[in-house]
Amino acid sequence: MVTVPLTLLNLQDNGFHLLMEVIVFGHSFQAVLDTGASKTVFDKTTVETHLHEDMVLKHTDMVSTGLGTTSMQSFTLNVPDLQIGGLHLKNYEVAVLDLSTINYAYQQLDIDPVIGVVGGDILTRYGGVINYRKSTLTLRTRKLPVKAPIIHR
């Protein structure tokens, strides 16, 4: 088990975001922890400045929803090493989108930009547990078996 410190960010009485440190491309970045995001997403502009010649940004036909648009260009990238606390994810596939609107909103609140969003894919696969009182995220170091989705009709 690894425990990752979280920062509770007050968005000027407009709700809260949880921020966490991730290490990717050999650099430390802040990311939003988002239980409602189905997949981990990185900002395209930030990714492009750190791409190595052996990394390929792949265009995908998937439609991105939940970011205020359904027509956003979407890419995927296999990140050689994504560190979240003591958890090392090797060749982990993330979605890559233009997150400039999120970073612009943060800039207006005098908050540093984020590389992206850590989503439900990581939380589900590694048994993520958020402790709001202690401001921590606990993850298993081994993948959990993925259960079939529950569909209610």
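It should be noted that the structure appears before, not after, this text.
The sections below set out a description of the structure shown in this document.

Rules used in this analysis
Residues numbered from 1 in each chain as written. Predicted model: local features only at pLDDT ≥ 70, side-chain atom pairs only at ≥ 80, totals over all residues. Heavy atoms only, no water. Buried < 20%, exposed > 50% of the residue type's maximum accessible area, 1.4 Å probe, protein only. Helix = DSSP H or I, 4+ residues; strand = E, 2+ residues; numbered from the N terminus. Pairing = 2+ DSSP bridges. Axes fitted to C-alpha atoms, helices over the stretch in contact; angles between N-to-C directions.

## Regarding unusual backbone geometry
Here comes step 1: With phi around 55 degrees, F25 is a residue other than glycine that occupies positive phi space.
Here comes step 2: A residue is classified by how much of its surface remains accessible, and F25, at 11% relative accessible area, is buried.
Here comes step 3: The phi dihedral of N91 falls on the positive side, at around 50 degrees, and the residue is not glycine.
Here comes step 4: In this fold, N91 is placed in strand β8 (residues 87-97).
Here comes step 5: The class for N91 is exposed, based on a relative accessible area of 55%.

## Points about the sheet that holds strand β11 (residues 136-139)
Here comes step 1: Taken in spatial order, the three strands line up as β1-β11-β10 in an open sheet, and their pairing is antiparallel. Where the open sheet ends on each side, the last strands, each with one partner, are β1 (2-5) and β10 (129-131). Here the average twist between neighbouring strands, direction ignored, is 25 degrees.
Here comes step 2: One ladder, built from three bridges, connects β10 with β11; its direction is antiparallel. What sits directly across from V129, in β11, is T138.

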